[in-house]
Amino acid sequence: ELTPTLRVHTVGRDRCDDSKRSLASGQMEKNAQTSGSVCDAILTLCPGDKTFPILQRLAGAGIMVTEEEALRAMVLAFERLRVVIEPGGAVSLAAALFHGDELKHDDVIVVATGGNVDAALLNKALAPYGTTSGQTSPSAVSTRRTCSKRNRNITNSRPTPPQNYQATTLVH
């Protein structure tokens, strides 16, 4: 292992926690639901035969986020980073922003992917969580306070970590 202090956490949508339950039980667990979510890109029946042993060796406890948190993270990425990510790709950012208390390290690396967002879905997310005419919505304000309180800054950068870097990586 190149960075033994780096801990990877799987992130998923609440009620579709196959990876989290599988890591906890030590065997592959199945989801009852594999559709009907804005995070449909990451809904799977169960962890894969090839990936599950890797997760068992390298991953920490799984973190679950709500659809609302995924949409809020999607909006924050759009407004602050000018990056469009789909809700399923935004769950790792949502975990860092809204579930920081479940992470052991102050430094967090987020892998956020996918830009498969149509105008209707983006508008659905922007309506309750976005900014309007320079006015910040109440949920965006509370998110900003949460980020500041936990010293989690949202940046679009690719820093090179030092050799003994301690961080948590969130993947979906």
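Everything discussed here concerns the structure shown above.
Keep in mind the model is a prediction, meaning the values are calculated, not measured. (Residues numbered from 1 in each chain as written. Predicted model: local features only at pLDDT ≥ 70, side-chain atom pairs only at ≥ 80, totals over all residues. Heavy atoms only, no water.)

If you check which residues of helix H5 (residues 119-129) are buried, you get Leu121, Leu122, Ala125 and Tyr129. Down the axis of H5, the sector holding all buried residues measures 100°, keeping them to one side. Across from the buried face of H5, at angles greater than 90 degrees, the exposed residues are Ala119, Ala120 and Ala127. (Buried < 20%, exposed > 50% of the residue type's maximum accessible area, 1.4 Å probe, protein only. Helix = DSSP H or I, 4+ residues; strand = E, 2+ residues; numbered from the N terminus. Arc of directions from axis to C-beta.)

Once that is clear, we can look at the environment of Asn31. With respect to the helices, strands and loops of the structure, Asn31 is situated in the loop between helix H1 (18-25) and helix H2 (51-58). The exposure class of Asn31 is buried, given its relative accessible area of 6%. Sequence-wise, Asn31 and Pro47 are 16 residues apart; in three dimensions their C-alpha atoms are separated by 9.7 Å. Sequence-distant contacts of Asn31, defined by excluding residues within four places in its chain, comprise Arg15, Cys16, Asp17, Asp18, Arg21, Thr44 and Leu45. Within the structure, Asn31 has its side chain in polar contact with the backbone nitrogen of Asp17 (distance 3.2 Å). (Contact = heavy atoms within 4.5 Å. Polar contact = N/O pair within 3.5 Å; in protein donor to acceptor, adjacent residues only side chain to side chain.)

A large share of strand S1 (residues 7-13) lies buried, amounting to 5 of its 7 residues. Here S1 runs beside strand S2 (residues 63-65); their pairing, made up of 3 bridges, is parallel. Across the sheet, the residue bridging to Val11 is Ile63, located in S2. (Pairing = 2+ DSSP bridges.)

Before going further, it helps to spend a moment on the packing of helix H3 (residues 67-81) against H5. Contact pair H3 / H5: the axes reach a minimum separation of 9 Å and the direction vectors enclose 95°. What the angle tells us is that H3 and H5 run roughly perpendicular. Residue-level contacts link Glu68, Leu71, Arg72, Met74, Val75, Phe78 and Glu79 of H3 to Leu121, Leu122, Ala125, Leu126 and Tyr129 of H5. Looking at the contact of H3 with H5 residue by residue, the classes come out as 9 nonpolar, no polar and 3 charged. (Axes fitted to C-alpha atoms, helices over the stretch in contact; angles between N-to-C directions. Parallel < 35°, antiparallel > 145°, perpendicular 65-115°, else oblique. Nonpolar A, V, L, I, M, F, W, Y, C, P; charged D, E, K, R; others polar.)

This part is about the packing of H3 against helix H4 (residues 87-98). Two elements in contact, H3 and H4, have axes whose closest approach is 7 Å; the angle formed by their N-to-C orientations is 95°. In terms of their interaxial angle, H3 and H4 are classed as roughly perpendicular. Of the residues in H4, those touching H3 at Glu69, Ala70, Leu71, Arg72, Ala73, Met74, Leu76 and Ala77 are Pro87, Ala90, Val91, Leu93, Ala94, Leu97 and Phe98. Split into classes, the residues belonging to the contact of H3 with H4 amount to 13 nonpolar, no polar and 2 charged.

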